[in-house]
Amino acid sequence: PDLFQAPDYYQLDDLLSDEHKMVRDAARAWVKKEVSPIIEEYAQRAEFPKQIVKGLGEIGGFGPYIPVEYGGAGLDQISYGLIMQEIERGDSGVRSTSSVQSSLVMYPIWKYGNEEQRMKYLPKLATGEFIGCFGLTEPDHGSNPGGMVTNFKDMGDHYLLNGAKMWISNAPFADIAVVWAKNEEGRIHGLIVERGMEGFSTPETHNKWSLRASATGELIFDNVKVPKENLLPGKSGLGAPLGCLDSARYGIAWGAIGAAMDCYDTALRYSKERIQFDKPIGATQLQQKKLAEMITEITKAQLLTWRLGVLRNEGRATSAQISMAKRNNVDMAIHIAREARQMLGGMGITGEYSIMRHMMNLESVITYEGTHDIHLLITGMDVTGFPAFK
Ligand code: TGC
Ligand code: FAD
């Protein structure tokens, strides 16, 4: 990490403002100091490093684009993306915590919540005093969240919530959960469920080979009494959770570039130092092909994502454009991780280098927030007009 120079083959820094570069460099310095030295050990132990939460808040990792009046950093979408890039250069699991808190918990409270809910939760989420999670996926409804069965009934002075969510990032230690459930008419609403409510439990999911430094769990609701003021009043229907996903998927598109950059940088340095047959492996055509293709793909992804950020700043980016970037960039990163790992030979499978950890993390990243297939089908629907999901 000491030698890390972010690849910038097409002088993309020229497209960034001073503020963008300042925000990115602060995040980069923080990752170098607080994440890179410890993350391998936490991943090996399958433990989330809770001590980084405060720092994540300080670099704008919680609600980068949420207005300052609610405790957010009030930054634009490019800065948000650059922060995600730097965090995921450290580890996809740490970026997950940041994505979930920012785009899946703070975003819906900001966009669909009322003023009391915003004031009650957002400032504490921005500093990391509260950690949140987002419950959309269920055991029998992953790619098709519209089929969810988690439901709530109006009991007059409160709602009664029943059901279960699965694969929920941050669940085991989250203070609050934004939960998507159907009312008696089958309409989807968001509810804020707080730890400690009777009948609400969050068992941890063990034995993951991927995203090991991020805690994943279930959310179980067994006749949970949820106060009526905890319903997000501003938006209902499947479009409400999908709107949050747009923001998170955009951040992941940037994050994946960070993971790819770290793998490329590690493989490039190794290829110059590792001697076989009396010359550096980097002097062989086969290894150069890998490196040349990596830097080409990283550069294409950077351009795609920068343009998407500009469109988002102007409020013009479509959900389908975000899907394309998420799908392309995560696939690009996982491919680079696999190639880079091979370039390190046996050393590539150890925790001495970050590549294998990135590679395994990216198996989750290519699955969550819409699988690789689902994003292809979103692009397919966008260009043909025919939804092929059903
Ligand atoms: P469909 O009928 O197409 O749409 C239902 C309603 O939603 C609207 N809509 C959107 N709104 C905002 N943003 C989007 N991206 C939207 N996409 C669709 C749509 O206009 C419609 O509105 P209305 O008013 O007409 O009702 O819905 P469908 O049931 O056919 O499903 C479409 C599909 C398959 C694309 C969608 O369900 C989907 O994206 N599935 C993938 C599920 C997914 O991504 N789950 C992620 C769970 S969260 C997570 O993984 C967090 S990981 C966190 C981490 O650690 O980083
Ligand atoms: P399925 O939907 O069962 O898909 C299985 C396979 O079928 C996939 O390859 C898929 O592409 C394919 N497939 C599905 N439908 C079609 C179709 N119509 N046509 C062709 N192929 C299809 N969810 C949350 O709500 N909150 C979280 O915080 C969260 N964090 C996560 C953290 C981790 C580590 C992981 C692994 C997942 C997380 N998820 C979270 C869940 C994630 O969003 C789902 O795993 C994902 O949406 C896929 O759902 P599934 O696992 O049920 O797979």
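For every chain, the first residue of its written sequence is number 1, and the numbers climb from 1 along that sequence. By the order in which they are written, chains take letters starting at A while ligands take numbers starting at 1. A pLDDT threshold of at least 70 governs which residues receive local features in this predicted model, and a stricter bar of 80 or more applies before side-chain atom pairs are shown or counted, although totals over entire chains, interfaces and linings include all residues. Note: side-chain values were computed over all heavy atoms of the structure, leaving out hydrogens and water.

Points about the overall build of the protein
Phase 1: Segments assigned H or I by DSSP are reported as helices when at least four residues long, segments assigned E as strands when at least two residues long, and all are numbered from the N terminus. Of the regular secondary structure elements, the protein holds ten helices and nine strands.
Phase 2: In this description the radius of gyration comes from C-alpha coordinates, and the expected globular size is given by 2.2 Å times residues to the power 0.38. Expected size for 390 residues packed as a compact globule is a radius of gyration near 21 Å; at 21 Å, the protein falls within 12% of this value.
Phase 3: With the C-alpha coordinates of the protein rotated into their principal frame, the extents come out at 80 × 45 × 40 Å.
Phase 4: Note on exposure labels: buried denotes an accessible area under 20% of the residue type's maximum, exposed denotes more than 50%, and partly exposed covers the range between, all computed with a 1.4 Å probe on protein chains only. Considering the protein as a whole, with its 390 residues, one finds that 55% of them fall into the buried category.
Phase 5: A fraction of 75% describes how many contacts in the protein between residues 6 or more apart in sequence connect residues 24 or more apart.
Phase 6: Element-wise, carbon and sulfur atoms account for 53% of the exposed surface of the protein, whose accessible area totals about 17,100 Å².
Phase 7: Separation between the mean location of the 41 positive side-chain charges and that of the 48 negative ones in the protein comes to 3 Å. Residue contacts are counted whenever heavy atoms from the two residues lie within 4.5 Å of one another. Under the convention used here, a 1.4 Å probe and the Shrake-Rupley method define accessible areas, while residue burial counts only the protein chains that appear. His residues and chain termini do not enter the charge count, which takes Lys and Arg as positive and Asp and Glu as negative. Taken as the charge centre is NZ of Lys, CZ of Arg, CG of Asp or CD of Glu, depending on the residue.

Digging into the pairing of strand S2 (residues 151–154)
A regular strand places its side chains on the two faces of the sheet in alternate fashion.
Phase 1: Should DSSP find at least two bridges between two strands, the strands are taken to pair. Pairing of S2 with strand S3 (residues 158–169), which is carried by four bridges, proceeds in the antiparallel orientation. Paired with Phe152 across the strands is Leu161, a residue of S3.
Phase 2: Between S2 and S3, which pair antiparallel in sequence order, lie three residues; one of them, Gly156, sits at a positive phi of approximately 95°.

Things to note about the site of ligand 2
Phase 1: Of all residues adjacent to ligand 2, which total 18 residues, the nearest are Thr137, Ser143, Trp167, Thr371 and Asp373.
Phase 2: Residue Thr137 places a side-chain N or O atom 2.7 Å away from a nitrogen atom belonging to ligand 2.
Phase 3: For ligand 2, whose unbound accessible area comes to 990 Å², protein coverage reaches 68%.
Phase 4: For the shell around ligand 2, the secondary structure elements donating two or more residues are S3 and helix H10 (372–384).
Phase 5: Basically, the charged four are Asp, Glu, Lys and Arg, the nonpolar ten are Ala, Val, Leu, Ile, Met, Phe, Trp, Tyr, Cys and Pro, and anything else, Gly included, counts as polar. Grouping the amino acids of the shell around ligand 2 by side-chain chemistry returns nine nonpolar, seven polar and two charged. Note on terminology: near, applied to a residue and a molecule or strand, indicates that one of the residue's heavy atoms is within 4 Å of it. As used in this structure description, the phrase polar contact means that two N or O atoms lie within 3.5 Å; if the pair is within protein, one of them must be able to donate a hydrogen and the other to accept it, and residues adjacent in sequence are counted only when both atoms belong to side chains.

Description of unusual backbone geometry
Phase 1: Backbone geometry places Asn223, a non-glycine residue, at a positive phi of 55°.
Phase 2: Here Asn223 is to be found in strand S7 (residues 216–227).
Phase 3: The class for Asn223 is partly exposed, based on a relative accessible area of 43%.

Brief notes about the site of ligand 1
Phase 1: The full set close to ligand 1 counts 26 residues, and Ser143, Asp246, Arg249, Glu369 and Gly370 are the nearest of them.
Phase 2: Contact distances for ligand 1 include 2.7 Å between an oxygen atom and a side-chain N or O atom of Arg249.
Phase 3: A distance of 2.8 Å separates an oxygen atom of ligand 1 from a polar atom in the backbone of Glu369.
Phase 4: Protein chains bury 70% of the 1,100 Å² of accessible surface belonging to ligand 1 in isolation.
Phase 5: Looking at which element gives the most residues to the shell around ligand 1, the answer is helix H6 (residues 239–273), with six residues.
Phase 6: The residue inventory of the shell around ligand 1, partitioned by class, reads eleven nonpolar, ten polar and five charged.

Let's talk about the nonpolar core
Phase 1: With 80 residues, the main nonpolar core has Ile109, Leu161, Trp180 and Leu219 as its most contacted residues.
Phase 2: Per-element tally for this core: the top contributor is helix H4 (residues 92–112), with nine residues. Take the buried Ala, Val, Leu, Ile, Met, Phe, Trp, Tyr and Cys residues and link them wherever side-chain atoms come within 4.5 Å; each set so joined is a nonpolar core.

A short note on the side chain of Thr97
Phase 1: Along the chain, Thr97 falls in helix H4.
Phase 2: Exposure remark for Thr97: the relative accessible area of 0% places this residue in the buried category.
Phase 3: With residues up to four places along the chain from it excluded, the contact list for Thr97 reads Phe48, Leu56, Phe62 and Asn170.

As for the pairing of S7
Phase 1: One ladder, built from nine bridges, connects S3 with S7; its direction is antiparallel. Looking at the pairing, Leu161 lines up with Val224 of S7.
Phase 2: Judged from the two bridges that link them, strand S6 (residues 200–201) and S7 form a sheet pairing that is antiparallel. By the bridge assignment, Phe200 is partnered in S7 with Phe221.

A word on the packing of aromatic side chains
Phase 1: Stacked, edge-to-face and tilted labels apply to pairs of Phe, Tyr and Trp rings (six-membered ring for Trp) whose centres lie within 6.5 Å, assigned for plane angles under 30 degrees, over 60, and everything in between, in that order. Under the counting rule described, the total for this entry stands at 13 aromatic pairs.
Phase 2: Each ring, one from Tyr80 and one from Tyr250, has its centre 5.6 Å from the other, and the planes form 50°; the classification is tilted. A residue pair is termed long-range when its members are at least 10 positions apart, and Tyr80 in helix H3 (residues 77–90) and Tyr250 in helix H6 qualify at 170 residues. Of the two residues, Tyr80 and Tyr250, both sit in the buried class.
Phase 3: Ring centres of Tyr107 and Trp110 lie 6.2 Å apart, and the angle between their planes is 80°; on these two criteria the pair is classed as edge-to-face. Note that Tyr107 and Trp110 are positioned in helix H4 at a spacing of three residues, about one turn of the helix.
Phase 4: A residue is classified by how much of its surface remains accessible, and Tyr107, at 15% relative accessible area, is buried.
Phase 5: An aromatic cluster of three or more residues is present, and its members are Tyr65, Tyr80, Tyr107, Trp110, Tyr112, Phe134, Trp180 and Tyr250.
Phase 6: Arg45 extends its terminal NZ or CZ atom over the ring of Tyr42, reaching a point 4.6 Å from the ring centre.
Phase 7: Here, a charge over a ring means that NZ of Lys or CZ of Arg falls within 6 Å of the ring centre while also lying within 35 degrees of the ring normal. The ring of Tyr250 carries Arg312 above its face, with NZ or CZ at 4.8 Å from the centroid.

Points about the side chain of His189
Phase 1: Of note, His189 is situated in strand S5 (residues 188–194).
Phase 2: Among the residues examined, His189 registers a relative accessible area of 15% and is labelled buried.
Phase 3: Among the polar contacts listed, one links the side chain of His189 to the side chain of Asn183, at a separation of 3.5 Å.
Phase 4: Beyond its immediate stretch of four places on either side in the chain, His189 contacts Phe152, Val179, Trp180, Ala181, Asn183, Leu231 and Ser236.

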